[in-house]
Amino acid sequence: MKKKLVMIGNGMAGMRAIEEILAANPDMFDITIFGAEKYPNYNRIMLSPVLAGDTTVEEIILNDEQWYADHGITLHLGKRVSEIQRGYKKVVAEDGTVAEYDNLIIATGSNPFIIPIPGHDKEGVMAFRDIDDCDAMFEAAKTYKKAAVIGGGLLGLEAAKGLLHLGMDVTVIHDQATLMNMQLDAVAGEMLRDELESQGMKFRVSTLTTEVLGDKRVTGLKFKDGSTLDCELLIMAVGIRPNKQLAEECGIFCNRGIVVNDYMQTVTDPSIYSVGECAEHRGIAYGLVAPLFEQAKVLAYQITGQGLKSYQGSVVSTKLKISGVDVFSAGDFMGGPGADIVELTDRVGGVYKKLVLEDDKIKGVVMFGDTADGPTFFQWMQDGKDVSEMRSTLLFSASGLGDSGHSGLDQASQMSDETIVCGCNGVSKKDIVDAIVKEGLTTRKEITACTKAAGSCGGCAGLVDQLLAATLGTAFVESDHEPICACTELNHEQVKEQVKNKHLTHVREVMHVLDWEGEGCQVCRPAINYYIGMIWPEEAEDDRTSRIANEKMHANIQKDGTFSVIPRIYGGETTPDALIRIATVAKKYNVPTVKITGGQRIDLLGVKKEDLIPMWKDLDMPSGYAYGKALRTVKTCVGSQWCRFGTQDSTALGIHLEKELERMWFPAKVKLAVSGCPRNCAEATIKDVGIVGVDGGWEIHCGGNGGVHVVATELLCIVETAEEVEEIVKAYLQHYRETGRHNERCAPWQQRVGLESIKAAVVDDIDNRKALVERLHQYLATQDKDPWVERIEDAEKENLKTFTEYKPIEIPVRVEA
Amino acid sequence: MNNWIEVCKLDEIPRSAARTVRAGDTVIAIFRLSDDRVKAVENRCPHRQGPLAEGIVSGDDILCPLHNWRIHLDSGEVAPPDEGCVKTYAVKIEDGQVLLSLA
């Protein structure tokens, strides 16, 4: 028979413990949960952003009611437990509901502290603690204009910012001289105050409130110095008190909170556990979210009898969740007399960083303005890392990414696997890296969608980006045998081999013959479609349904569902007539944004889907393939034709290469550049292939990238003539087409296979070079038509559906009787 | 009561792809699955309103073109770990005609 587990409290800490228990042993307990609030578990630390309008109540629900049902949990919402009967091992709720337990978890959290000054019970005086408080503040802001917040700490400032956002006139009253004095020193506090004042917040610091004025409803405040302040809404945000009443009443030992041992058991009754803000461990009741995740894990290990993981307490760091204000603090940030302090103050730039050191180790950190390195410093502080050798550069950037991003040494790679990256959702480095590798993720958004990291306050977004860069940069070495995605067991090389050996020419055929799981996904289907076209150019049938939206539509989908149109402008050289045509089209179709791109062409943004074909027709210019894993641009400088420094005609070579290689599909997008002299105005050395003219010849550089992870090119070879450039560039690109993995840019590909092997294949072995060029030409011969022209022709044929794919069908709206 | 409206012929929707239908302010995506069954949902991903019709059809699911959310076309439910739901519409095929109900 299953044991009975009852939990009092339905908040973040308790629910995290339940999730951990289910993960450790899903069948051990029948679980019953009592929640005093009427909402299922939500992310309480996100209430401030809700109030500030950055997110909504729906978005911060962590477990909806269906989740409880799916896990067989009995949930009593809106039922307050009135008594724990330890002798009978049962709890009784106010409405008479009874639940028996073998194990009980008390996760009642904390209550806001209301200062017992005269008038504190008037209407319009409230705390900021739950969704109901949030709603009350929304309501109040509709009727009243003037608000006061007592408490200039984390929660008080976040509440004040929220009220400001709701259009209220807000004054924050703080009893200390420094805002957030528990987390900030005087300098940081002052900078924070300046910033918030510039956002419209008012302050009364070093001020004690003695009385709340008004008859029935609050009308003002009276201070110790006799002065007063008018207000119609008063938020008290002076701190929280662990909610220990139930435990105390049934004889469980409590101090400030419910006292627990290192296994989160109450010291009085080992069948009863406590976790979260109500629990006191080694004298500390934590009021922040991060320690709860570890506590929850320890509790789950202990209660399911899995082992001896114990809780040793947490070192906590703080971030303020006000958009546009970055504050970070951890440890002993004040530093006593004679403390070893490294600091940087830039008041005009709004940046302040201070590290308190002891024996060359970080003891505390406080940062304002630029807090990107906060988590690194915090990690080093916990690790006791010796920073003596970095003293002189410590405050400029803890991470290599701070300068230009290609040093390869960044904070993400130095973190241990278990380090929590996203404190809001308790996601570790390992969780994120595993997700990137196993799911083939390439953007932070995908990581957030998959793991929830960076999905709440967003404070760890930078760190997640670093993990992404670090993981993608090396994953190609480490994950040689990783399958393409969850739909198959096979990796890229195995799929290519099978496509070749079994002569597979359809995406569906590949998935069928190779035992695919289901109908594939956005990772594997486009990859297969690329491989069949690359290996069997003359026979493979391009499967448009396996192309992502951009490639299917021959236009880039934008965030609002409109598209962008970029015609090809060879080498970035255009003519007055072409510009007039683009301008005329832009006007005719009311294009909202016309943008010069980084690739020296013109982007028409915000185009409706149904306008695409008529626009292409009016433009009468080739498609720029800006939407595809294809040849994008060949960027050029003006070169010897005009430039007084130019040594080679870079524009002519660039235009020639772009004409030769247009319509070429690759594993990932490909960008070229040609500079006419070593001054390199076309920035050729961060391109997939960059050509730099020198006196008497050309340097061919390759494998560069200017994206998330900046990589400079490596020198492939130096040749004398433009014809040789053309041949070697073609061979290099075909070699990449054949050996690159889908979605792998040139730079990581080159790092994976090595420059030497590439040199051998495309420079030294002249026969192989010619064969590569020959295969490239064979492929190009199959791409004989511009895709825009194809679509236009389709549209003009009778009875063809393609055109209408671009246009919605109109139907009448039927109003229900 | 379903009020069935004729929308188009089945073979006017490419297989494993979609057509959009506009009814007043609402845009509905009608998907033709690989086995020629049809499904209809509102053409707005619950995440960032991505046009689902442009996504990749995988079995009975659609992958949103903006951020690859996976949405089950029968229930309109978003696959975990994401959460959300998109409005579904009744749709059927009769004599090669696709019929949609806005009820």
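Counting from 1, residues in each chain are numbered in the order their sequence is written. Chains and ligands are labelled sequentially in the order written, the chains with letters from A and the ligands with numbers from 1. Totals for whole chains, interfaces and linings use every residue, but because this is a predicted model, local features are given only for residues with pLDDT of at least 70 and side-chain atom pairs only at 80 or more, for both listing and counting. The basis for every side-chain value is the complete set of non-hydrogen atoms in the structure, without hydrogens or water.

A.B. asks: So what exactly am I meant to see when it comes to the overall build of chain A here?
C.D. replies: Tallying secondary structure elements over chain A gives 27 helices and 37 strands in all. Over its C-alpha atoms, taken along the principal directions, chain A stretches across nearly 90 × 70 × 65 Å. Only protein chains enter the area calculation, which uses a 1.4 Å probe; residues under 20% of their type maximum are buried, those over 50% are exposed, and those in between are partly exposed. Taking all 817 residues of chain A together, 53% fall into the buried category. In what follows, residue pairs with any heavy atoms lying within 4.5 Å of each other are defined as contacts. Considering only contacts within chain A whose residues lie at least 6 apart along the sequence, 62% involve residues at least 24 apart. All accessible-area figures derive from a Shrake-Rupley calculation using a 1.4 Å probe, and residue coverage is judged against the displayed protein chains alone. For chain A, the exposed surface amounts to about 35,300 Å²; the carbon and sulfur share of it is 50%. Under the DSSP-based scheme used, a helix requires at least four consecutive residues in state H or I and a strand at least two consecutive residues in state E, with every element numbered from the N terminus.

A.B. asks: For this particular structure, what's the right way to read the nonpolar core?
C.D. replies: Nonpolar cores are built from buried Ala, Val, Leu, Ile, Met, Phe, Trp, Tyr and Cys residues. Side-chain atoms within 4.5 Å join them into one set. In terms of nonpolar packing, the biggest core is built from 85 residues, with L672, L716 and Y732 of chain A together with F31 of chain B touching the most fellow members. In terms of residues, this core owes the most to one element, helix α22 (residues 722-739) of chain A, which gives seven residues. Start and end positions for the domains come from either an automated domain assignment or a database one. In terms of domain composition, this core takes at least three residues from each of domain 4 (551-619) and domain 5 (631-782) of chain A. Setting aside residues no more than four positions away along its own chain, Y732 of chain A makes contact with D688, V689, C702, G703, L716, C746, W749, Q750, I758 and V762 of chain A. Listed in part, the 46 residues of the second largest apolar core include L51, A159, L163 and V170 of chain A.

A.B. asks: So what exactly am I meant to see when it comes to the packing of α22 of chain A against helix α25 (residues 766-782) of chain A here?
C.D. replies: The relative placement of two packed helices is expressed as an angle between their axes plus a distance between the axes. Residue and element names in this part refer to chain A. Every angle, taken between N-to-C directions, lies between 0 and 180 degrees, and every axis is a line fitted to C-alpha atoms, over only the stretch in contact when it is a helix. In contact at an axis separation of 8 Å, α22 and α25 are set at 75° when each is read in the N-to-C sense. Between α22 and α25, the crossing angle belongs to the class labelled roughly perpendicular. Packed against α22, whose contacting residues are E727, I728, K730, A731, Q734, H735, R737 and E738, the element α25 presents R769, K770, L772, V773, R775, L776, H777 and Y779 at the interface. Side-chain classes follow a simple rule in which Ala, Val, Leu, Ile, Met, Phe, Trp, Tyr, Cys and Pro form the nonpolar group, Asp, Glu, Lys and Arg form the charged group, and the remainder, Gly included, forms the polar group. Each residue belonging to the contact of α22 with α25 can be placed in one class, and the counts come to six nonpolar, three polar and seven charged. Note on angle classes: values under 35 degrees are labelled roughly parallel, values over 145 roughly antiparallel, values of 65 to 115 roughly perpendicular, and the remainder oblique.

A.B. asks: Quick question: what am I supposed to make of the domain arrangement of chain A here?
C.D. replies: Interfaces are often sized by the amount of accessible area the parts lose when they come together. Residues and elements named next belong to chain A. As far as domains go, chain A holds domain 1 (3-110 + 242-303), domain 2 (125-238), domain 3 (492-547), domain 4 (551-619) and domain 5 (631-782). On a C-alpha basis, the centres of domain 4 and domain 5 stand 26 Å from each other. Once two parts are put together, the accessible area they lose, assessed with a 1.4 Å probe and summed over both, is termed the buried area. For the domain 4 and domain 5 pair, buried surface summed over both sides reaches about 1,100 Å², with 47% attributable to carbon and sulfur atoms. In terms of surface lost to domain 5, no three residues of domain 4 exceed R568, Y570 and G571, which account for 50% of the buried area on that side. Each reported salt bridge corresponds to a side-chain nitrogen of Lys or Arg within 4 Å of a carboxyl oxygen of Asp or Glu. Our count for the domain 4 to domain 5 interface comes out at two salt bridges. A salt bridge links R568 to E658; the shortest N-O distance between them is 2.8 Å.

A.B. asks: Help me understand helix α1 (residues 12-24) of chain A, please; the structure alone is not making it clear to me.
C.D. replies: Residues that lie three or four places apart on an α-helix share one face, since the helix turns once every 3.6 residues. For α1 of chain A, which comprises 13 residues, the first-to-last C-alpha distance of 18 Å matches the rise-based estimate of 18 Å (1.5 Å per residue) to within 8%. Counting buried positions over the 13 residues of α1 of chain A gives ten, a clear majority of the element. The length a helix should cover is 1.5 Å for every residue beyond the first.

A.B. asks: Would you mind showing me how to read the pattern of salt bridges here?
C.D. replies: Side chains bearing opposite charge may pair, as long as their charged atoms lie close to each other. Throughout the structure, instances matching the rule amount to 51 salt bridges over all chains. Ionic pairing is found between R15 of chain B and D36 of chain B, a salt bridge with its closest N-O pair at 2.9 Å. Of the two residues, R15 of chain B is situated in the loop between β1 (4-9) and β2 (17-23) and D36 of chain B in the loop between β3 (26-32) and β4 (38-42); the sequence distance between them amounts to 21 residues. Residue classification places D36 of chain B among the partly exposed residues on the basis of a relative accessible area of 23%. Two residues, R32 of chain B and D36 of chain B, come together in a salt bridge whose shortest N-O distance is 2.9 Å. For R32 of chain B, a relative accessible area of 9% gives the class buried. Members of the salt-bridge network, linked through shared partners, are E493, R741, E744 and R752 of chain A.

A.B. asks: Honestly, the sheet that holds strand β12 (residues 202-204) of chain A in this entry has me stumped. Any pointers?
C.D. replies: Strands in a sheet are paired, the pairing made by backbone hydrogen bonds, and the direction either parallel or antiparallel. Residue and element names in this part refer to chain A. At least two DSSP bridges between two strands are needed for those strands to be called paired. An order of β9-β16-β10-β11-β12 is seen for the five strands of this open sheet, with the pairing classed as parallel. Two strands bound the open sheet, and with one partner strand each, they are β9 (125-127) and β12. Taken pair by pair, the neighbouring strands of this sheet meet at an average axis angle of 25°, ignoring direction. Most of the contacts of helix α5 (residues 131-143) go to β9, to which it runs at about 140°, and overall it touches β9 and β16 (233-236).

A.B. asks: Teacher, can you tell me more about the interface of chain A and chain B here?
C.D. replies: Taken together, the contact between chain A and chain B spans 40 residues of the former and 40 residues of the latter. The interface formed by chain A and chain B includes three salt bridges. Residue E54 of chain B pairs with K609 of chain A through a salt bridge whose shortest N-O separation is 2.7 Å. Side-chain atoms alone can form a polar contact between residues adjacent in sequence; in general such a contact is a pair of N or O atoms within 3.5 Å, and within protein one must be able to donate a hydrogen while the other accepts it. Inspection of the chain A/chain B interface yields twelve residue pairs in polar contact (both at pLDDT 80 or more). Only α13 (444-451), α17 (524-535), α18 (549-553), α27 (802-805) and β37 (809-810) of chain A provide two or more residues apiece to the side of chain A that touches chain B. Among the residues forming the side of chain A that touches chain B, the class breakdown is 16 nonpolar, seven polar and 17 charged.

A.B. asks: Would you explain the sheet that holds strand β30 (residues 593-596) of chain A in this entry?
C.D. replies: All names here are of chain A. With respect to topology, four strands assemble into an open sheet ordered β28-β29-β31-β30, the strand pairing being antiparallel. Two strands close off the open sheet at either side, each with one partner strand: β28 (556-557) and β30. In terms of strand pairing, β28 meets strand β29 (residues 563-565) through two bridges, oriented antiparallel. By the bridge assignment, N556 is partnered in β29 with S564. Helix-sheet contacts for helix α20 (residues 612-619) involve β29 and β31 (602-607), and the interaxial angle to β29 is about 10°.

A.B. asks: Before we go on, may I ask you to explain the packing of aromatic side chains in this structure?
C.D. replies: Both the distance between ring centres and the angle between the ring planes are used here to describe each pair of aromatic rings. Residue and element names in this part refer to chain A. Pairing of aromatic rings covers Phe, Tyr and Trp, the last through its six-membered ring, and needs centres within 6.5 Å; plane angles under 30 degrees mean stacked, over 60 mean edge-to-face, and all others mean tilted. Tallying each qualifying case throughout the model produces twelve aromatic pairs over all chains. Considering the side-chain rings of W616 and W788, the 5.1 Å spacing of their centres and the 5° angle between planes classify their relative orientation as stacked. Within this pair, whereas W616 is found in helix α20, its partner W788 is found in helix α26 (residues 787-796), the two being separated by 172 residues in sequence. When its relative accessible area of 1% is taken as the criterion, W616 is described as buried. Judged by relative accessible area, which is 2%, W788 ranks as buried. Here Y736 and W749 contribute two aromatic rings whose centre-to-centre distance is 5.1 Å and whose plane-to-plane angle is 55°, an arrangement assigned as tilted. Separated by 13 residues along the polypeptide, Y736 in helix α22 and W749 in helix α23 (residues 746-753) bring together distant segments of the chain. Of note, K90 hangs over the ring of Y88, and the distance from its end group to the ring centre comes to 5.4 Å. Definition used: whenever NZ (Lys) or CZ (Arg) falls within 6 Å of the ring centre and also within 35 degrees of the ring normal, the charge is taken to sit over that ring.

A.B. asks: Explain the state of the cysteines here, please?
C.D. replies: Defined simply, a disulfide is a covalent bond joining two cysteines at their sulfur atoms. All names here are of chain A. Any cysteine sulfur atom paired with another within 2.5 Å is treated as part of a disulfide. One pass over the full model with this rule turns up zero disulfides over all chains. Free cysteine C450: the closest other cysteine sulfur is in C521, separated by 12 Å. The partly exposed category is assigned to C450, whose relative accessible area is 27%. You can see C717 has no disulfide; the closest cysteine sulfur is in C702, sitting 8.2 Å from it.

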